[in-house]
Structure formats: C-alpha cells, structure tokens
Amino acid sequence: MSIPECFAKAVNAGTDIVADSNDIENLKAAYENGWISERRINEANVKLLTEMFETYRKQAAEAVSELEEFTLTDNYEEADIALLF
C-alpha cells in the first residue's frame, strides 16, 4: 500500500490530523486519486479549527478572570500573568 493510500485509510477511518506530518504531497495525492473526498477534508478542518479556537477562547477567559481578581493596589510583580500591550 502506498503512503497516499495509507493517508486515505487513516483519514477516512476518522483521523482528523496525521500527527508529526507536514506531508501535504501525500495527502494531496490521496485527494487527487479520489481516495479522500473534499467533504471529508473539510469536515476534519472544521473539527480541528473549532477545537483550537475553543481552547484559546477558554484560556483567554481564564486569563481575564484571573486579571479581574486583582485590584490596582495588588502587587502585579507576584502575579503569574503577563500583560502584553
């Protein structure tokens, strides 16, 4: 079985990302040979991007929550949050 066929089998079985791989050429070959549909690639992208942005949204909300606990008289040097302006 070729590498593009392996990519296709993994993606069609539900894998949304092939870990430790920047191997776009074999993914592209699998798509061009009709082994992976555009619909399946789009589905994987939506799932990955949704999870990524949800994770960052939660982290941002937690950081804001921590920041709101401090008052102007608190010692910011001891805080474990960093503000970038």
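Only a predicted model underlies this, so the values are computations on that prediction, with no experimental measurement involved.

Draft legend 1. The arrangement of the environment of E32 in detail. Following the sequence through the fold, E32 ends up in helix α2 (residues 24-32). Spatially, the C-alpha atoms of E32 and P4 are 9.8 Å apart, while their sequence positions differ by 28 residues.

Draft legend 2. Expanded view of the side chain of N26. Residue placement: N26 occurs in helix α2. A polar contact of 2.5 Å, which involves the side chain of N26, links it to the side chain of D23. Dropping the residues within four chain positions of it, N26 is found in contact with I3, P4 and F7.

Draft legend 3. Quick peek at a nonpolar patch on the surface. Residues L49, M52, F53 and Y56 make up a contiguous nonpolar surface patch of about 420 Å² in total accessible area. The residue F53 is located in helix α3 (residues 38-68) in this model.

Draft legend 4. Looking closely at the pattern of salt bridges. On inspection of all chains with the given rule, the structure shows four salt bridges. R40 is the partner of E43 in a salt bridge, and the nearest nitrogen-oxygen pair spans 3.0 Å. With a gap of three residues between them, E43 and R40 both fall in helix α3, about one helical turn apart. Judged by relative accessible area, E43 falls into the partly exposed class, the value being 40%. Accessibility expressed as a relative area gives 9% for R40, which makes it buried. Among the ionic pairs, R57 bridges to E54, the shortest N-O distance being 2.8 Å. Of this pair, R57 and E54 both sit in helix α3, separated by three residues, roughly a single helical turn.

Cut-off values and rules
Residues numbered from 1 in each chain as written. Predicted model: local features only at pLDDT ≥ 70, side-chain atom pairs only at ≥ 80, totals over all residues. Heavy atoms only, no water. Helix = DSSP H or I, 4+ residues; strand = E, 2+ residues; numbered from the N terminus. Polar contact = N/O pair within 3.5 Å; in protein donor to acceptor, adjacent residues only side chain to side chain. Contact = heavy atoms within 4.5 Å. Patch = residues over 30% accessible without salt bridge, like charges linked within 9 Å, V, L, I, M, F, W, Y side chains within 5 Å. Areas by Shrake-Rupley, 256 points an atom, 1.4 Å probe, with all protein chains shown as cover. Salt bridge = Lys/Arg side-chain N within 4 Å of Asp/Glu carboxyl O. Buried < 20%, exposed > 50% of the residue type's maximum accessible area, 1.4 Å probe, protein only.

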